[in-house]
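Coordinate analysis (summary)
Here's the letter readout for the chains.
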Amino acid sequence: MGSEGHADGTVGKALDVLEMVADQGGPVRFSDLLALSHYPKATLYRLLQTLVNQGMLSQDLDSGAYRIGVRLVRLAHNAWAQSSLAPLARPHLDALAAEVGEAIHLAQIDNGHILFVDKRKTTNMFETLAQAGRVAPAYCTGVGKAILAFLPEASRDKVMPQQSFHPYAPATHTGPASLLAELEIIRAEGVAFDREEHERGIISIAAPIRSRAGRVIGAVSIATSTSRHTLEELNALKPRLLHCAAAIGAEAESWQFPEIV
């Protein structure tokens, strides 16, 4: 039993280090990782070398910097293809992007946070923080609120304590009471809005993607800048957004997605 606990602990540490390297967004030196890590120097070095030996990380021979390895990229691609909405949703996202001329975001929820799994856009006139692979809060994003609103009550109760309620902007929810009140409105209207709550100057309208049984498996949004459109103009795109969300949900019916909470 003790050896099992040790193995779990070692695996957990290795995954912690792996995520730390991945979060840097590019090659990172040992000294920088040591400054970020709470592990002793010898432990960190051992974990890094194990990850390199297993192909999960690669190390540049000249600089010594670490980056994500080919084996991890292959595993990530397989996971993305098997459990992400992105592959089957992409044609629908491209069609919506071409129709409305704005950025389209596809997201799923993981451990109370939003994971953007795809982004399609037809213009470079503005950019949003949302990128495929990036994690964002659920309580202050259109896709996040769209998912939260349609979760079963028991699942929503688990997710709410995971929200940090950091005030990114004046319109950001700073506590559960106001968020829960808005979620009731979202359930009634079928769509959620991001009113510059996560990123100043960026607004969106989002709809949940649901199975025929009503289970939420993700959300899709139309995002734009306040210099291009108003919330009222985004609301006019609601029928097209709902059609896209329904089409993705119908196509995903035969897929077995993992529970999102």
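A brief report on the enclosed structure follows. Because the structure is predicted, anything quoted here is derived from the model rather than measured. (Residues numbered from 1 in each chain as written. Predicted model: local features only at pLDDT ≥ 70, side-chain atom pairs only at ≥ 80, totals over all residues. Heavy atoms only, no water.)

The subject of this paragraph is helix H5 (residues 86-100). Compared with an ideal rise of 1.5 Å per residue, which puts 15 residues at 21 Å, H5 spans 19 Å between its outermost C-alpha atoms and is within 8% of the ideal. At His 92, H5 shows its strongest bend, of approximately 30°. Following H5 by one or two positions, Gly 101 has its phi on the positive side, about 70°. (Helix = DSSP H or I, 4+ residues; strand = E, 2+ residues; numbered from the N terminus. Expected span 1.5 Å × (residues − 1). Bend = angle between axes of the 7 residues up to and from the residue.)

This part takes up the packing of helix H6 (residues 142-150) against helix H8 (residues 176-189). Taken N-terminus to C-terminus, the directions of H6 and H8 make an angle of 80°; their axes are 9 Å apart at the nearest point. Here H8 runs roughly perpendicular to H6, going by the angle between their axes. Taking contact as the criterion, the partners of Lys 145, Ala 146, Leu 148, Ala 149 and Phe 150 in H6 are, on H8, Leu 179, Glu 182, Leu 183, Ile 186 and Arg 187. Tallied by class, residues from the contact of H6 with H8 come to seven nonpolar, no polar and three charged. (Axes fitted to C-alpha atoms, helices over the stretch in contact; angles between N-to-C directions. Parallel < 35°, antiparallel > 145°, perpendicular 65-115°, else oblique. Contact = heavy atoms within 4.5 Å. Nonpolar A, V, L, I, M, F, W, Y, C, P; charged D, E, K, R; others polar.)

Let us look at the pairing of strand S4 (residues 113-120). In this structure, strand S3 (residues 103-110) lies alongside S4, joined through seven bridges in antiparallel fashion. Along S4, the bridge assignment pairs Ala 107 with Phe 116. Linking two consecutive strands that pair antiparallel, namely S3 and S4, is a turn of two residues; a positive phi of about 50° is found at Asn 111 within it. Two elements, S4 and strand S5 (residues 135-137), share three bridges in a ladder whose sense is antiparallel. Across the sheet, the residue bridging to Ile 114 is Ala 136, located in S5. (Pairing = 2+ DSSP bridges.)

Bringing the sheet that holds S3 into the picture now. Ordered in space as S5-S4-S3-S8-S7-S6, the six strands form an open sheet in which the pairing is antiparallel. Two strands close off the open sheet at either side, each with one partner strand: S5 and strand S6 (192-195). Strand-to-strand twist in this sheet, taken as the mean axis angle between neighbours without regard to direction, amounts to 35°. The pairing of S6 with strand S7 (residues 202-210) spans four bridges and is classified as antiparallel.

Another aspect to go through is the pattern of salt bridges. For side chains bearing opposite charge, pairing can occur when the charged atoms are close. According to the stated counting rule, one finds eight salt bridges in the structure shown. Ionic pairing is found between Glu 182 and Arg 195, a salt bridge with its closest N-O pair at 3.0 Å. With a gap of 13 residues between them, Glu 182 in helix H8 and Arg 195 in strand S6 connect regions that are remote in the sequence. With relative accessibility at 10%, the residue Glu 182 sits in the buried group. Through salt bridges with shared partners, one network takes in Arg 90, Asp 94, Asp 118 and Arg 120. (Salt bridge = Lys/Arg side-chain N within 4 Å of Asp/Glu carboxyl O. Buried < 20%, exposed > 50% of the residue type's maximum accessible area, 1.4 Å probe, protein only.)

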